[in-house]
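If you want the building blocks of each chain, they are given just below.
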Amino acid sequence: MISTMECAADAQSLISISLMKIHNSRTQRGGIKLHKNLLVSYVLRNARQVYIKEKYAEIYRMQQYEEVMTVCNEIQELNPLDLDAEDAEDEEQAAAHARTSSAIFGCSPLDDGSKEPDPCYYRSCCMEPSPVPHCDQFTANSSSSSSSSHCNKTTVLDLDTHVVTTVENGYLHQDCCCCDALQCGQGARSPARKRKVEFSCCVSDVEDVSDFTAARKRAKREDCCYSNIDYTDTSNISNLISIFGSGFSGLLSRQADLEQICSKQVLASLGAWTRAIVAF
Amino acid sequence: MAGPGGDMQWCFSQVKGAIDDDVAEADIISTVEFNHTGELLATGDKGGRVVIFQQEIENKNLPQFRSEYNVYSTFQSHEPEFDYLKSLEIEEKINKIRWLPQKNAAQFLLSTNDKTIKLWKISERDKRPEGYNLKEEDGRYKDPNSITSLRVPVLIPMDLMVEASPRRVFANAHTYHINSISVNSDEETYLSADDLRINLWNLEITDRSFNIVDIKPANMEELTEVITAAEFHPHQCNTFVYSSSKGTIRLCDMRASALCDKQSKLFEEPEDPSNRSFFSEIISSISDVKFSHNGRYMMTRDYLSVKIWDLNMESRPVETYQVHEYLRSKLCSLYENDCIFDKFECCWNGNDSVVMTGSYNNFFRMFDRGQRRDVTLEASRENSKPMQVLKPRKVCAGGKRKKDEISVDSLDFNKKILHTAWHPQDNIIAVATTNNLYIFQDKVN
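Conventions used here
Residues numbered from 1 in each chain as written. Chains lettered and ligands numbered in written order. Predicted model: local features only at pLDDT ≥ 70, side-chain atom pairs only at ≥ 80, totals over all residues. Heavy atoms only, no water. Helix = DSSP H or I, 4+ residues; strand = E, 2+ residues; numbered from the N terminus. Buried < 20%, exposed > 50% of the residue type's maximum accessible area, 1.4 Å probe, protein only. Contact = heavy atoms within 4.5 Å. Areas by Shrake-Rupley, 256 points an atom, 1.4 Å probe, with all protein chains shown as cover. Rg over C-alpha atoms; globule rule 2.2 N^0.38 Å. Lys, Arg positive; Asp, Glu negative; His and termini not counted. Charge placed at Lys NZ, Arg CZ, Asp CG, Glu CD. Polar contact = N/O pair within 3.5 Å; in protein donor to acceptor, adjacent residues only side chain to side chain. Buried area = accessible area lost by both parts, 1.4 Å probe. Salt bridge = Lys/Arg side-chain N within 4 Å of Asp/Glu carboxyl O. Nonpolar A, V, L, I, M, F, W, Y, C, P; charged D, E, K, R; others polar. Pairing = 2+ DSSP bridges. Axes fitted to C-alpha atoms, helices over the stretch in contact; angles between N-to-C directions. Phe/Tyr/Trp six-rings, centres within 6.5 Å; stacked < 30°, edge-to-face > 60°. Lys NZ or Arg CZ within 6 Å of the ring centre and 35° of its normal. Core = buried A, V, L, I, M, F, W, Y, C linked by side-chain atoms within 4.5 Å. pLDDT = per-residue confidence, 0-100. Disulfide = S-S within 2.5 Å. Expected span 1.5 Å × (residues − 1).

Moving on to the overall build of chain A. Tallying secondary structure elements over chain A gives 10 helices and zero strands in all. Going from N to C terminus, chain A has its helices and strands arranged as α-α-α-α-α-α-α-α-α-α. Residues counted as buried form 53% of the 280 residues belonging to chain A. Across chain A, the fraction of contacts at a sequence separation of at least 24, relative to all contacts at a separation of at least 6, is 76%. Put simply, chain A shows about 12300 Å² of open surface, and 52% of that area lies on carbon and sulfur atoms.

The structure is reproduced here in structure tokens:
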């Protein structure tokens, strides 16, 4: 499996470099070199898998936070002192929610201790005109009981419900079979299946930024809130793609298991430029 | 023959090519090949030229002085062309040269660029006719009225002239870039391979070729591998192999069917999952495949290693030699500067006991199969005094660098040895740096 030490930043730069190589090859003397471009496409595929894995993780974190915030808001709307009756139920809902989400994504970078969620996600969520003004209080409270550098929904949940919920690091990790498609281990099977439903959901945000072909099927997206996600890097890549001048139709739009993505996506990703090459 | 380790030492013999560091692109050597006797050594370059060196025979028997290779013939084999239909320029770079076994006084070789293969006849002329009745010495026709007598023209000696003339041009058979040519042991046919197809030719017939391998998928979007090299078996005229970008080698028998898409044998080593990286597919792509002279083994070169395969065992190679394993941690940088796409060749010595391949920093490596020894040598102008013994070099992969070792970060990746050739009988090797050809020979004690 590709080492988890190679972070999304490496993957992004590799994607950029690879696209530039493919672009430059079109003007090279002697015509497009099929062999070299095929090898570059493999690097592109590999980097893309790592990149998407990282994006999944970020989206998952974002989604988790949003869900928790929603639950918190609902709870806060009730009489804060009168939680006994609803607590258990809400707590169960939150837990179930979290369980589904974690199972769906199956992998979180949280197990990598050095990884921090992008602070801007957290900041943007907190700074938006929130229906729950006590979000800030929330934040303040949470920071006191957690490592302040970590904007971690786990901590938020602890403070809010005063109960240890199922959305804990430990729980997340349990369901975190490595979703690295290259491993394709047994453990990846069930999370992958659940991931299938959510996949196009996550893809949609990337499509917002790029001009790729839309996904054929869309799962329900109500749970996903991506408006604040910073996709600068994705836009850079999409700029490069538009410079390259041909779409990678299907590169990000197929709804499939991640293992299927390995095969189908790499094939789909070759589509645009191989069509050009076929002409030769 | 002794091995490359302590028993044998290699000495500088000659260097051919320009001295200055400013390398003209046309002078970059793109292929090197000895003929079947080793008397002739051909090089091709990016400018489409072929230069043939000939070994001086006279001094060959003197123990302390090995014969030198001197320029025998130079000719322009291929010119740049333009495909108007596809708006593509076709490079004149010579991708491969292959000698035909000698049948008469003349020598024949095949040279190919990306699209066209040519058969060249190299012949000597050391006599010229003199005494024509109707022509002057300079070729002008005489006034018939001035002719008063008849004489028989005679052949008189002249300075040796080597002529190269194109005898056959095999064109328009390859859609993709030709990467290999290989002459069959039947001495009548040869194959040419491009990225997706292999064609079989008769040396006499230029307007037809048989397609014997076609791996082009119906839908190009499903393309997953290309052909990287192909070669005929040295003795079995029905057998050939081709390697792929996925690290597999297929052995095909032309007797089985006309189209050899279904291989007779598939040689493949499972990938080590612990070595997986972004670049696994690139470094497993085979850049060269060569049969041993005895026909029992074949050697493949991928980016980091050389593998020897027994033709009777498909599951894994019988020997694997790491050429420059210290580069494994540098693959990302090598990808950025395109070095990871370099296609290194490899070669056997005359009795298949030693294999050789090139590396960076003008280093080349030899692996003695029998003695399990390997050595790294350098082709450089600094070590080019006559008969100077080459000192083994060592690359320091990490930790404290010892004296005389060179660290990985100091390697010059612009100085690469992609093409090497070994004399078929003697311990004489030709090593091509970017634009120079070095000839080394073993030290005669």
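Moving on, we come to the overall build of chain B. Scanning chain B for helices and strands turns up two helices and 32 strands. For 445 residues, the compact-globule formula gives about 22 Å, and the C-alpha radius of gyration of chain B, at 24 Å, lands near that figure. The principal-axis extents of the C-alpha atoms in chain B amount to approximately 90 × 55 × 40 Å. Split into buried and exposed, the 445 residues of chain B put 53% on the buried side. If you take every contact in chain B between residues at least 6 apart in sequence, the share linking residues at least 24 apart comes to 54%. Looking at chain B as shown, the accessible area adds up to about 20600 Å², and 48% of this sits on carbon and sulfur atoms. Charge centroids of chain B, computed over 55 positive and 68 negative side chains, lie 3 Å from each other.

Across the chain, the bulk of peptide bonds are trans and the bulk of non-glycine residues have phi less than zero. Residues and elements named next belong to chain B. Despite not being glycine, Asp 338 shows a phi value in the positive range, around 75 degrees. Structurally, the position occupied by Asp 338 is in the loop between α2 (331–336) and β24 (346–348). One non-glycine residue, Arg 372, adopts positive backbone phi at about 55 degrees.

So, on to the side chain of Ser192(B). All names here are of chain B. Within the fold, Ser 192 resides in strand β13 (residues 189–193). Of note is the side chain of Ser 192, whose polar atom sits 2.8 Å from the side chain of Trp 201. When residues no more than four places from it in sequence are discounted, the contact partners of Ser 192 are Ile 117, His 174, Ser 180, Ile 181, Arg 197, Ile 198, Asn 199 and Trp 201.

So, about the interface of chain B and chain A. Each partner contributes to the interface: chain B provides 35 residues, whereas chain A provides 35 residues. Surface buried jointly by chain B and chain A totals about 3300 Å² across both partners, of which 62% is contributed by carbon and sulfur atoms. Counting the surface chain B buries against chain A, the share from its top three residues, Glu221(B), Phe278(B) and Tyr335(B), is 25%. For Glu89(B), the salt bridge identified is with Arg29(A), shortest N-O distance 3.0 Å. Taken together, the elements giving at least two residues each to the side of chain B that touches chain A come down to β7 (88–90), α1 (280–284) and α2 of chain B. With three residues, α2(B) is the single largest residue contributor to the side of chain B that touches chain A. Residues of the side of chain B that touches chain A, tallied by class, amount to 14 nonpolar, seven polar and 14 charged.

Our next topic: the environment of Gly358(B). Residues and elements named next belong to chain B. With respect to the helices, strands and loops of the structure, Gly 358 is situated in strand β25 (residues 354–358). By relative accessible area, which is 0% here, Gly 358 ends up buried. Apart from residues lying up to four places away in sequence, Gly 358 is in contact with Arg 301, Val 323, His 324, Phe 344, Glu 345, Phe 363, Phe 364 and Ile 417.

A few words on the sheet that holds β24(B). Residues and elements named next belong to chain B. The strand order β24-β25-β26-β27 describes an open sheet built from four strands, whose pairing is antiparallel. Each edge of the sheet is formed by a strand with only one pairing partner; in this case those strands are β24 and β27 (373–378). The average undirected angle you get between the axes of adjacent strands in this sheet is 20 degrees. Bridging between strand β26 (residues 363–368) and β27 involves six bridges; their strand directions are antiparallel.

This brings us to the packing of aromatic side chains. Residue and element names in this part refer to chain B. Taken as a whole, this structure holds 21 aromatic pairs over all chains when the rule is applied. On the basis of an interplanar angle of 25 degrees and a centroid distance of 4.9 Å, the ring pair of Tyr 321 and Phe 367 is categorised as stacked. Of the two residues, Tyr 321 is situated in strand β23 (residues 319–322) and Phe 367 in strand β26; the sequence distance between them amounts to 46 residues. For the pair Tyr 321 and Phe 367, one class covers both residues: buried. An aromatic cluster is defined as three or more aromatic residues linked by ring pairs; in this entry it consists of Phe 12, Phe 364, Tyr 438 and Phe 440. When the ring centre of Tyr 132 is taken as origin, the NZ or CZ atom of Lys 135, which lies over that ring, is 4.9 Å away. In this structure, Arg 369 packs its charged tip against the face of Tyr 297, placed 4.6 Å from the ring centre.

Looking now at the nonpolar core. Counting residues in each nonpolar core, the largest one holds 37 residues, and the members touching the most others are Phe279(B), Tyr303(B), Leu327(B), Tyr335(B) and Ile340(B). When contributions to this core are tallied by element, the ones reaching two or more residues are α1 (8–25) and α2 (34–77) of chain A together with α1 and α2 of chain B. For this core, the element with the most residues is α2(A), which contributes nine residues. Counting 18 residues, the second largest nonpolar core, distinct from the first, contains Trp10(B), Val375(B), Leu377(B) and Leu390(B).

A few words now on the sheet that holds strand β31 (residues 428–432) of chain B. Residue and element names in this part refer to chain B. If you trace the four strands from one edge of the open sheet to the other, you get β1-β32-β31-β30, paired in antiparallel fashion. With partners counted over all chains shown, the strands left at the sheet margins are β1 (10–16) and β30 (419–422), one partner each. Pairs of neighbouring strands in the sheet enclose a mean axial angle of 20 degrees, with direction left out of account. Pairing of β31 with strand β32 (residues 437–442) involves five bridges; the strand directions are antiparallel. Bridge pairing in β32 places Ile 429 opposite Phe 440.

Attention now moves to the pattern of salt bridges. This model, assessed by the stated rule, comprises 35 salt bridges over all chains. With a shortest N-O distance of 2.5 Å, Glu325(B) and Arg328(B) are connected by a salt bridge. Judged by relative accessible area, Arg328(B) falls into the partly exposed class, the value being 27%. Three or more residues joined by partner-sharing salt bridges are found here, namely Arg29(A), Lys33(A), Glu89(B), Glu91(B) and Glu92(B).

Predicted coordinates in regions of low pLDDT should not be interpreted in detail. Residue and element names in this part refer to chain B. The share of residues in chain B with pLDDT of 70 or more is 96%, and the mean pLDDT across the chain is 93. Residue range residues 1–6 is modelled with pLDDT below 50. Its contacts to residues more than four positions away, or to other chains, number 17 contacts. Predicted as a complex, the structure gets a pTM of 0.71 and an ipTM equal to 0.91.

On to the state of the cysteines, then. Residue and element names in this part refer to chain B. If you walk through the whole model with that rule in mind, you get zero disulfides over all chains. Free cysteine Cys 260: the closest other cysteine sulfur is in Cys 252, separated by 5.3 Å. On the basis of relative accessible area, Cys 260 is assigned to the buried category, the value being 2%.

This part is about α2(A). With 44 residues, α2(A) ought to run about 64 Å at 1.5 Å a step, and its terminal C-alpha atoms sit 62 Å apart, in line with that. Counting buried positions along α2(A) gives 40 out of 44 residues, so the element sits mostly inside the fold.

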